[in-house]
Amino acid sequence: MIVLGVESSCDETGLALYDTQHGLLAHALHSQVAMHEQYGGVVPELASRDHIRRAIPLLEQVLHQAGLPRSAVDAIAYTQGPGLAGALLVGASIACGLGLSLDKPVLGVHHLEGHLLSPLLSRDPPVFPFVALLISGGHTQLMRVDGVGQYTLLGETMDDAAGEAFDKSAKLLGLGYPGGPAISRLADFGDPGVYELPRPMLHSKDLNFSFSGLKTAVLTLVKNRIANICEQDKANVARAFVDAIVDVLVAKCLSALKQTGMKRLVIAGGVGANRQLRDALNAAAQKRRFRVYYPELEFCTDNGAMIAFAGAMRLQINPDAAKRDYAFNVRPRWPLDEIKTI
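Here is what the cut-offs are and how they apply
- Residues numbered from 1 in each chain as written.
- Predicted model: local features only at pLDDT ≥ 70, side-chain atom pairs only at ≥ 80, totals over all residues.
- Heavy atoms only, no water.
- Buried < 20%, exposed > 50% of the residue type's maximum accessible area, 1.4 Å probe, protein only.
- Helix = DSSP H or I, 4+ residues; strand = E, 2+ residues; numbered from the N terminus.
- Pairing = 2+ DSSP bridges.
- 1 Å grid on protein atoms, 1.4 Å probe; cavity = no way out; pocket = protein on both sides within 12 Å on 5 of 7 lines; lining within 4 Å.
- Points joined across faces, edges and corners; volume = space filled by probe spheres on them.
- Nonpolar A, V, L, I, M, F, W, Y, C, P; charged D, E, K, R; others polar.
- Axes fitted to C-alpha atoms, helices over the stretch in contact; angles between N-to-C directions.
- Contact = heavy atoms within 4.5 Å.

J.: Whenever I open this one, the pairing of strand β6 (residues 130-136) confuses me. Can you help?
T.: Sheet faces and side chains relate simply in a regular strand, where the side chains alternate between the two faces. The buried count for β6 comes to 7 of 7 residues, which makes it a mostly enclosed element. Burial of β6 is two-sided: the residues F130, A132, L134 and S136 facing one way and the residues V131, L133 and I135 facing the other way are all buried. Inspection of the sheet shows β6 paired to strand β7 (residues 139-147) by 7 bridges, in the antiparallel sense. Pairing of S136 across the sheet is with H139, part of β7. Once β6 ends, the chain turns through 2 residues before running back antiparallel as β7, passing G137 with a positive phi of about 55°. Across 4 bridges, the pairing between β6 and strand β9 (residues 264-268) is parallel. Paired with L133 across the two strands is I267, which belongs to β9.

As structure tokens, then:
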């Protein structure tokens, strides 16, 4: 079975072809970062219009890479939610329009399920069951994953997600958009221990997160030094911020492994590419003798490959999950635990 994946939930347009027998055949991605950078964040209307321009050329690109005609596609999976409503509608309409024209069934996929399963695309994939830390955009969640469609929420953010805290704190330091990679790079030049920032909910005895207070602490620190803050001061603040957020994420992951008795931890989503987080988790894994798995760096951010793969996994279990009903709706807000178990 060859599945075409279409991703358009936010500011990346991704298309991919996944073969259940031969694996990932081709994938292509266009990022809108350069377009949104001048505005300091994603402009939904511009994002939607750009998806319209990019999707069909990317489709032709992946078909050419795979050496396949459109008719070779057996099913089309698209991101149904969560995400920006207008951006989701573009991907859904393109997927359903292609399905109608080719007489192929279509399947709406949960964006976070795509991230959650993306480490299975790596050269050294985990096996079920495992604990997953899902850190993507506005989401920070710990999940128990027993199989495709079998997800149990262990803990989640009560306010700002980790990715939001990265972006907002970077903006406070004048680092622009996207802020996550920029503040991480700056932190490498900071001295540890110069500033001490809070570790919210570190000792809460549950698996929930809260990063709004950490962002506010960065705001207070920067405002108090705004008159004479220098580049080294900025680097020291960045180091304090990254150390605080990594400490919380690692501690919660260790608690989740202890509570579930598992020895496999999967990290998925854009923040999963963060080097400081990976270094801390790898050190903890070596010390406590568990294994940690990451998606390939190219699959940490939003991409069509994870949508094609998630769709293919669902169709392998239930071939009737894809329909030839080309009316569609999108779900900008869609909790992962509301996905129907296969």
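J.: Looking at this model, I keep getting lost on empty space enclosed by the protein. Mind explaining?
T.: In this approach the atoms are scanned with a rolling probe the size of a water molecule, which exposes any empty space left behind. Within this structure, the stated rule accounts for 1 cavity of 30 Å³ or more. What lines the largest cavity is L4, L59, R70, V73, L98 and L102. Residue composition of the lining of the largest cavity, by class: 5 nonpolar, no polar and 1 charged.

J.: I tried to follow the sheet that holds strand β8 (residues 150-156) on my own but got confused; where do I start?
T.: Think of a sheet as strands paired side by side through backbone hydrogen bonds, with each pair either parallel or antiparallel. The strand order across the open sheet built from 5 strands is β8-β7-β6-β9-β10, with neighbouring strands paired in mixed fashion. Lying at the two open borders of the sheet, with one neighbouring strand each, are β8 and β10 (291-293). Going across the sheet, the axis of each strand differs from the next one's by a mean of 25°, ignoring polarity. With respect to the sheet, helix α9 (residues 275-288) is in contact with β6, β9 and β10, its orientation differing from that of β10 by roughly 155°.

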